[in-house]
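# Summary of structural features
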Amino acid sequence: MSLLPDFSWRTKYDADGRTLVDEFFVPALASATRYDRTTGYFSAGVLLLASRGVEGLVRAGGLMRLVVGCTLDEAEVEAVTRGEQLRAVVQ
């Protein structure tokens, strides 16, 4: 596993989304043991884009905490519930 200081981080990432996800979120999350985020807008699609990084966070036994201002649809609520149930089984 690479450590965060092992990367050459840029001071600015393009707003095109792909660059931000591929060059920042995926390597940062894959190297992290904790991810805390507060935001006024959030969708589960963001996690889908960064899933490769989230997988690394989970494999490292990491913790993700999100405080978000959004309305989740029924499928997203079910996914969170399944994730919590899976976490309980794994522990």
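Above this text is the structure in question.
Remember, predicted model here, so these are calculated numbers, not experimental data. In this convention, every chain numbers its residues from 1, walking through the sequence in written order. In keeping with the model being predicted, local features are shown solely for residues with a pLDDT of at least 70 and side-chain atom pairs are shown and tallied solely at 80 or more, while totals for entire chains, interfaces and linings include all residues. Computation of side-chain values covers all heavy atoms of the structure but excludes hydrogens and water.

In this section: the nonpolar core. Buried Ala, Val, Leu, Ile, Met, Phe, Trp, Tyr and Cys residues form a nonpolar core when they are joined through side-chain atoms within 4.5 Å. Under the scheme applied here, a residue whose accessible area is under 20% of the maximum for its type counts as buried, over 50% as exposed, and between as partly exposed, the area being computed with a 1.4 Å probe on protein chains only. One finds Phe25, Leu29, Ala32, Tyr35, Ala50, Val54 and Leu57 forming the largest nonpolar core, which totals seven residues. Counting from the N terminus, the helices are the DSSP runs of H or I reaching at least four residues and the strands are the DSSP runs of E reaching at least two. Where this core is concerned, the elements lending two or more residues are helix H1 (18–31) and helix H3 (51–59). Contacts are assigned to residue pairs that have any heavy atoms within 4.5 Å of one another. Among residues more than four places away in sequence, those in contact with Ala32 are Leu57 and Ala60.

Any two of the Phe, Tyr and Trp rings considered here, Trp counted by its six-membered ring, make a pair once their centres fall within 6.5 Å; the pair's planes then place it as stacked at under 30 degrees, edge-to-face at over 60, or tilted in between. Counting across every chain of the model gives five aromatic pairs. Centre to centre, the rings of Tyr13 and Phe24 are 5.6 Å apart; their planes meet at 50 degrees, and the pair counts as tilted. Taken as a pair, Tyr13 in the segment before H1 and Phe24 in helix H1 lie far apart in primary sequence, eleven residues in all. Tyr13 gets classed as buried once you look at its relative accessible area, which sits at 17%. On the accessibility criterion, Phe24 (29% relative accessible area) is partly exposed. The interplanar angle of 80 degrees and the centroid separation of 6.5 Å between the aromatic rings of Phe25 and Tyr35 together place this pair among those described as edge-to-face. With Phe25 in helix H1 and Tyr35 in strand E1 (residues 34–39), the pair connects residues that are ten residues apart, well separated along the chain. Residue Phe25 shares its accessibility class with Tyr35, and that shared class is buried. Put simply, the rings of Phe7, Trp9, Tyr13, Phe24, Phe25 and Tyr35 touch in pairs and so form one group of aromatic residues.

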